[in-house]
Amino acid sequence: MTKAEILRERKRQERLMAERERLEGMKVYEYRFRERGLLCGIDEVGRGPLAGPVVAGAVILPKDCEILYLNDSKKLSEKKRELLYDEIMEKAVAVGLGVVDQRRIDEINILQATYEAMRLAIGALKVRPDLLLNDAVTIPGVEIPQVPIIKGDAKSVSIAAASIVAKVTRDRMMVEYDAIYPGYGFASNKGYGAAKHIAALKEIGPCAIHRRSFIKNFVCED
């Protein structure tokens, strides 16, 4: 190897070591509660958009599972999330998803819809966990013991994995909706209140996947 190649390899190894140290810091809750049995991370995405569903993910990772660059989905690029999604789906003991659409959100409000999505995600798991690690919330109506962790998607590998699975799933849904309901920019804004989205709402009005309770400031409906 040339000196340049040796230097590049050394830097690569240093980056890898730093990443593994970062991941160890994100396993503190997994280590703390590992004696309780199977741990499941829970997180959601889509509480704030004007359109589309709220989606929750539930992920059980094997003990000592290593997935490099796992992190809060909001801190990752779309390409990195897609790659991590595939690795999570391959390595996880079980993955569950819960989807609650805009009609239900309007009916029961976004907080209750979020809880419902989380319960659906837990119910979709093929393996029953012994403890839930949740991002900041305690989910009502769930018998499994829970640990709410503030900013858990940046502190727990299990919750981070759940956040990525939920985010990728919802983003893919919004890309599909963009083809069905063109003009709002759903493929790029994912239903959030971007300028193009709000302009389209005012010009052409809402479509079937808009949350009526969220768009009252932008449209007047009889």
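Definitions and limits used
- Residues numbered from 1 in each chain as written.
- Predicted model: local features only at pLDDT ≥ 70, side-chain atom pairs only at ≥ 80, totals over all residues.
- Heavy atoms only, no water.
- Core = buried A, V, L, I, M, F, W, Y, C linked by side-chain atoms within 4.5 Å.
- Buried < 20%, exposed > 50% of the residue type's maximum accessible area, 1.4 Å probe, protein only.
- Helix = DSSP H or I, 4+ residues; strand = E, 2+ residues; numbered from the N terminus.
- Contact = heavy atoms within 4.5 Å.
- Pairing = 2+ DSSP bridges.
- Axes fitted to C-alpha atoms, helices over the stretch in contact; angles between N-to-C directions.
- Salt bridge = Lys/Arg side-chain N within 4 Å of Asp/Glu carboxyl O.

Draft legend 1. Summary view of the nonpolar core. Counting residues in each nonpolar core, the largest one holds 23 residues, and the members touching the most others are Cys 40, Ile 42, Val 54, Ile 122, Leu 132 and Ile 139. Looking at this core, the elements that each hand over two or more residues are strand S1 (39-45), strand S2 (54-60), strand S3 (94-100), helix H4 (102-108) and helix H5 (110-123). Ranked by residues supplied to this core, first place goes to H5 with seven residues. Excluding its chain neighbours within four sequence positions, the residues that come into contact with Cys 40 are Ala 58, Val 59, Ile 60, Leu 125, Pro 129, Leu 131, Leu 132 and Leu 133.

Draft legend 2. Focus on the sheet that holds strand S5 (residues 146-149). Read from one edge of the open sheet, five strands run S3-S2-S1-S4-S5, paired in mixed fashion. Each edge of the sheet is formed by a strand with only one pairing partner; in this case those strands are S3 and S5. Ignoring which end each strand starts from, the neighbouring axes of this sheet average 20 degrees apart. The pairing of S2 with S3 spans seven bridges and is antiparallel. From the neighbouring strand, Val 54 faces S3, where its bridge partner is Val 100.

Draft legend 3. Molecular detail of the pattern of salt bridges. Counted by the stated rule, this structure contains 14 salt bridges. Two residues, Lys 167 and Asp 171, come together in a salt bridge whose shortest N-O distance is 3.3 Å. Taken together, the residues Lys 167 and Asp 171, both in helix H6 (residues 157-180) and four residues apart, mark about one turn of the helix. Accessibility expressed as a relative area gives 16% for Lys 167, which makes it buried. Using a relative accessible area of 7% as the deciding quantity, one classes Asp 171 as buried. In this structure, a network of salt bridges that share partners links the residues Asp 72, Lys 74 and Asp 153.

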